[in-house]
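# Close look at the chain arrangement
This is what each chain is made of:
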Protein chains: 2
Amino acid sequence: MADPTVKTFDVIFEGTGTASGKMRNDIHVTWPMMKESFDLATDEGPFHGGDGTAPPPLALFTAALTGCLMTQIRAFAKRLKIDIGTVEVKARLHWTGEQVGNDPYVTAPVGFHLDIDLDSSASTADQLRLIAFAKKGCFIETTLMQGLSVGHRVKIDTDWHDA
Amino acid sequence: MADPTVKTFDVIFEGTGTASGKMRNDIHVTWPMMKESFDLATDEGPFHGGDGTAPPPLALFTAALTGCLMTQIRAFAKRLKIDIGTVEVKARLHWTGEQVGNDPYVTAPVGFHLDIDLDSSASTADQLRLIAFAKKGCFIETTLMQGLSVGHRVKIDTDWHDA
């Protein structure tokens, strides 16, 4: 028998963030391949010097991670023919920060946990198999799992410098 | 001279996601310590079986990463007394997916890049110093840098199973 077909594809999102307000950022996100765009924003509450006009970045991150896994659960349930009901996921994301003297603080993740209810009568084995596939298909989970150093450049006058 | 004071703090976000529509997820996010909550949602466009009623999870992720770094740039610029203008950041997030036969696809990050314009007359050294601190203070960047295996449990009947 011939090897199964292997297909690869790229997913590229672009964002342009502009600082506005005290701590608000307006971020225009595009998905060029799909010709889709989304106007999003982050802000901080008054305690952190903002005006609370939008969720803080970590709220968007929590929704992104939760929604990413849930989307793959539903997409892959169809493909694997595993019956599921109304999926509900409870997420808990825990970070820590450390500040020395008056220096800016340094952050680190402590642990992220997702509790999943598939509302399904499928066997335990099938439910576990579906979640295993969803974890490997969730772009955010596989990024966290692999780890990634974000690249930065800063524009000074007309030149770009690695930062 | 005594050692400088070291302070640590925890940041915990919680989310409850409920599947609705074809691919839509409604996600109620709370930041219990700050008594703040946010109603967010993700969806997919018709091409991916959704109704396009909300941005896809990766659009929220792009905004979260961009906004997180921008927030720390502004917060730490004040603390470090480095003058900045209207900060603008262009983000490019690139993932890949691979599908074997008709199996659910497997994803991986390729590279994330942020181009930063601080609109600043500060020295190159000061601008690079500010960005270095912002990278270490950005909860999302330090999570990506360190890497993290998300924990999962699935509820089957009344029992929780590790997944």
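Rules behind the numbers
Residues numbered from 1 in each chain as written. Chains lettered and ligands numbered in written order. Predicted model: local features only at pLDDT ≥ 70, side-chain atom pairs only at ≥ 80, totals over all residues. Heavy atoms only, no water. pLDDT = per-residue confidence, 0-100. Helix = DSSP H or I, 4+ residues; strand = E, 2+ residues; numbered from the N terminus. Least-squares fit on C-alpha atoms with pLDDT ≥ 70 in both. Contact = heavy atoms within 4.5 Å. Buried area = accessible area lost by both parts, 1.4 Å probe. Salt bridge = Lys/Arg side-chain N within 4 Å of Asp/Glu carboxyl O. Polar contact = N/O pair within 3.5 Å; in protein donor to acceptor, adjacent residues only side chain to side chain. Nonpolar A, V, L, I, M, F, W, Y, C, P; charged D, E, K, R; others polar. Pairing = 2+ DSSP bridges. Buried < 20%, exposed > 50% of the residue type's maximum accessible area, 1.4 Å probe, protein only. Axes fitted to C-alpha atoms, helices over the stretch in contact; angles between N-to-C directions.

### Examining the confidence of the model for chain A
Residues at a pLDDT of 70 or more form 99% of chain A, whose mean pLDDT is 96. Among the scores for the predicted complex, ipTM is 0.97 and pTM is 0.97.

### Examining unusual backbone geometry
Glycine aside, a negative phi is what most residues show, and trans is what most peptide bonds show. In this structure, Lys35(A) is a non-glycine residue whose phi angle is positive, near 50 degrees. Tracing the backbone shows Lys35(A) in the loop between strand E2 (24-31) and strand E3 (36-42). With phi around 50 degrees, Asp119(B) is a residue other than glycine that occupies positive phi space. By the secondary structure assignment, Asp119(B) is in the loop between strand E5 (106-117) and helix H2 (124-137).

### What to know about the relation of the copies chain B and chain A
Expressed as a screw operation, the relation of chain B to chain A combines 0.0 Å of axial shift with a rotation of 180 degrees, fitting to an RMSD of 0.0 Å. Both copies of the chain, as the preceding transformation shows, are related through a two-fold rotation axis. Measuring from the rotation axis to each C-alpha of chain B, the shortest distance belongs to Gly147(B), at 2.0 Å. Interface overlap between copies: 100% of the residues of chain B at the interface are likewise at the interface in chain A, consistent with a symmetric, same-surface contact.

### Things to note about the interface of chain B and chain A
With 119 residues of chain B at the interface, the matching set in chain A holds 119 residues. Across the chain B to chain A interface the summed buried area is about 11000 Å²; carbon plus sulfur atoms make up 63%. Here chain B is connected to chain A by four salt bridges. Between Arg92(B) and Glu14(A) there is a salt bridge, and its shortest N-O distance comes to 3.6 Å. Inspection of the region where chain B meets chain A yields 70 residue pairs in polar contact (both at pLDDT 80 or more). Looking at the side of chain B that touches chain A residue by residue, the class counts come to 59 nonpolar, 38 polar and 22 charged. As judged from the 13 bridges shared by strand E4 (residues 88-100) of chain A and strand E1 (residues 6-20) of chain B, these two strands associate in the antiparallel manner. Paired with Glu88(A) across the two strands is Thr18(B), which belongs to E1(B).

### Description of helix H3 (residues 139-146) of chain B
Every α-helix carries 3.6 residues per turn, so stepping three or four residues along brings you back to the same face. Residues and elements named next belong to chain B. Counting buried residues in H3 gives six out of eight residues, a clear majority hidden from the surface. Of all the positions in H3, only Phe139, Ile140, Glu141, Thr142, Thr143 and Leu144 are classed as buried. Taken from the residues just after H3, Gly147 is the one with a positive phi, measuring 80 degrees.

### Details of the sheet that holds E2(A)
With mixed pairing, the seven strands of this open sheet are ordered in space as E3(A)-E2(A)-E1(A)-E4(B)-E5(B)-E6(A)-E7(A). At either end of the open sheet lies a strand with only one pairing partner, and these are E3 and strand E7 (159-162) of chain A. Taking each pair of neighbouring strands and ignoring which way they run, the sheet shows an average axis angle of 20 degrees. Two elements, E2(A) and E3(A), share seven bridges in a ladder whose sense is antiparallel. From the neighbouring strand, Trp31(A) faces E3(A), where its bridge partner is Glu36(A). Contacting strand E6 (151-156) and E7 of chain A together with E5 of chain B, H2(B) crosses the sheet at an angle of about 150 degrees to E6(A).

### Some thoughts on the pattern of salt bridges
Between side chains of opposite charge, pairing is possible as soon as their charged atoms come close. All names here are of chain A. The final tally for this structure, using the stated rule, is 12 salt bridges over all chains. Of the charged contacts, one joins Arg129 and Asp126 as a salt bridge, the two residues approaching to 3.3 Å between their closest N and O atoms. Taken together, the residues span about one helical turn, with Arg129 and Asp126 both in helix H2 (residues 124-137) at a distance of three residues. Under the relative-accessibility criterion, Asp126 is labelled partly exposed at 27%.

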